[in-house]
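# Working through the structure, step by step
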Amino acid sequence: MLKVENIQKQYDGFALDCSLNIEKGCITGLVGRNGAGKSTLFKAILGLISIDNGNITLFDKDISDITIKDKQRIGVVFTDSGFNEYLTIKDLIPILNNLYHDFDKEYFLNQVNKFQLPLKKKIKELSNGMKAKLKIIIALSHHPDLLILDEPTAGLDIISRDEILKMLRDFMDENHIILISSHISSDLGGLCDDIYFIDQGHIILHEDTDVILSHYGLLKVTDNGYDTLDKAYIIKTKHENYGYSCLTNQKQFYIENYPDIVMENGNIDDLMFMLLRGE
């Protein structure tokens with residue numbers, strides 16, 4: 001449903017050049033440092049910025065052929081997006097009704113009530129957690145096919161994050177797509193089917209989340225241990241005080257062949273750190 005092929009966008013001091021492909025029924029994560037290109041990629045997909053080269057296909061159409069009706073099938077949450085904060089949640093209902101042909105007032109009110117959001121309170125008076133939930137509810141209120149979320153859980157406590165992740169899981173079925181960026185690895189690891197790692201505008205790794213959690217690991221070895229180590233399946237290394245930290249995508253090989261080796265299970269943070277800082 002969403003295919004990005006070798007798109008390029010050049011700015012002073014920054015160049016986006018990447019590809020990704022997301023099928024129906026998938027939740028895909030996008031991980032990268034601030035300034036890595038996540039928001040630029042999202043804006044390109046949404047047609048908010050022009051691209052210099054490449055192709056973006058959405059709903060089996062070139063992005064240049066996307067109609068207003070097609071855009072109604074997209075729900076979007078950006079970190080800095082939102083409505084005038086002097087409006088109340090109740091004030092949003094006629095606005096959303098005019099914005100979206102398929103706005104579901106009953107769903108909207110049910111979700112607002114479920115998460116105990118005060119209808120008559122101004123948005124500026126809501127907590128950060130309430131504002132984040134409201135953004136997700138708004139994005140889901142017209143039952144989109146594609147949901148694009150840029151750091152939707154940033155700055156939230158663990159309870160609010162869990163409630164938002166549950167909303168996303170409840171939304172998903174075989175006909176929907178979620179593309180989400182987050183710097184909180186536990187959110188992505190427990191939610192996403194696959195993850196793209198982006199740095200300096202380039203995709204540096206794409207892997208299924210299950211593979212990351214089951215096949216990747218960090219070896220901890222001394223200098224002498226590193227010298228005798230079979231490095232056939234070592235992706236990146238980093239010198240430490242005790243010796244070396246080594247990233248592998250074949251941890252079972254080292255567990256079986258080096259039974260005394262110290263092996264830590266891989267996670268998204270470790271993977272990102274080693275990809276960026278390792279040699």
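The following paragraphs examine the structure supplied in this document.

### A closer look at the overall build of the protein chain
When helices and strands are counted, the protein chain shows 11 helices and 14 strands. For the protein chain, the spread of C-alpha atoms along the three principal axes comes to 70 × 40 × 35 Å. Residue burial in the protein chain is summarised as follows: out of 279 residues, 46% are buried. A fraction of 67% describes how many contacts in the protein chain between residues 6 or more apart in sequence connect residues 24 or more apart. Surface accessibility of the protein chain: about 14200 Å² in total, with carbon and sulfur atoms responsible for 46%.

### Examining the state of the cysteines
Evaluated as defined, the whole model comprises 0 disulfides. Summary of cysteine pairing: cysteine 18 is not part of a disulfide, and the nearest cysteine sulfur, belonging to cysteine 192, is at 17 Å. Relative accessible area serves as the criterion here: at 3%, cysteine 18 is assigned to the buried category.

### A few points about the side chain of lysine 9
By secondary structure assignment, the location of lysine 9 is in strand β1 (residues 2-11). Within the buried set, lysine 9 has no salt-bridge partner at all; the shortest N-O distance to an opposite charge, 4.3 Å, is to aspartate 52. Engagement of the side chain of lysine 9 in a polar contact is seen with the backbone oxygen of serine 50, the distance being 3.1 Å.

### Brief notes about the packing of aromatic side chains
Scanning the entire structure with this criterion turns up 5 aromatic pairs. An angle of 90° between the planes, with centres 4.9 Å apart, marks the rings of phenylalanine 253 and tyrosine 254 as edge-to-face. Its relative accessible area of 0% is what places tyrosine 254 among the buried residues. Taken together, the ring pairs connect Tyr233, Phe253, Tyr254 and Tyr258 into an aromatic cluster. The aromatic ring of phenylalanine 59 is capped on one face by arginine 73, whose charged end is 3.8 Å from the ring centroid. Directly above the ring of tyrosine 226 sits lysine 231, whose terminal nitrogen or CZ lies 4.5 Å from the centroid.

### A few points about the packing of helix α3 (residues 89-99) against helix α4 (residues 105-114)
Close contact between α3 and α4 brings their axes to 11 Å; oriented N to C, the two are set at 160°. Judged by the inter-axis angle, α3 sits roughly antiparallel to α4. Seen from above, α3 lies across α4 with right-handed handedness. Here Ile89, Ile93 and Leu96 of α3 come into contact with α4, specifically with Lys105, Phe108, Leu109 and Val112.

### With respect to α3
By the burial criterion, the buried members of α3 are Ile89, Leu92, Ile93 and Leu96. Viewed end-on, α3 has its buried residues packed into an arc of 115°, placing them on one side of the element. In this structure, the buried residues of α3 make contact with α4 and α5 (128-140).

### Notes on the sheet that holds strand β7 (residues 146-150)
Spatial strand order, β6-β7-β8-β3-β9-β10: 6 strands in an open sheet with mixed pairing. Sheet topology places β6 (74-77) and β10 (202-208) at the edges, where each strand pairs with a single neighbour. Shown here is a sheet whose adjacent strand axes are inclined to one another by a mean of 15°, direction ignored. One ladder, built from 4 bridges, connects β6 with β7; its direction is parallel.

Conventions used here
- Residues numbered from 1 in each chain as written.
- Predicted model: local features only at pLDDT ≥ 70, side-chain atom pairs only at ≥ 80, totals over all residues.
- Heavy atoms only, no water.
- Helix = DSSP H or I, 4+ residues; strand = E, 2+ residues; numbered from the N terminus.
- Buried < 20%, exposed > 50% of the residue type's maximum accessible area, 1.4 Å probe, protein only.
- Contact = heavy atoms within 4.5 Å.
- Areas by Shrake-Rupley, 256 points an atom, 1.4 Å probe, with all protein chains shown as cover.
- Disulfide = S-S within 2.5 Å.
- Lys, Arg positive; Asp, Glu negative; His and termini not counted.
- Salt bridge = Lys/Arg side-chain N within 4 Å of Asp/Glu carboxyl O.
- Polar contact = N/O pair within 3.5 Å; in protein donor to acceptor, adjacent residues only side chain to side chain.
- Phe/Tyr/Trp six-rings, centres within 6.5 Å; stacked < 30°, edge-to-face > 60°.
- Lys NZ or Arg CZ within 6 Å of the ring centre and 35° of its normal.
- Axes fitted to C-alpha atoms, helices over the stretch in contact; angles between N-to-C directions.
- Parallel < 35°, antiparallel > 145°, perpendicular 65-115°, else oblique.
- Left-handed = near helix turned anticlockwise from the far one by under 90°.
- Arc of directions from axis to C-beta.
- Pairing = 2+ DSSP bridges.

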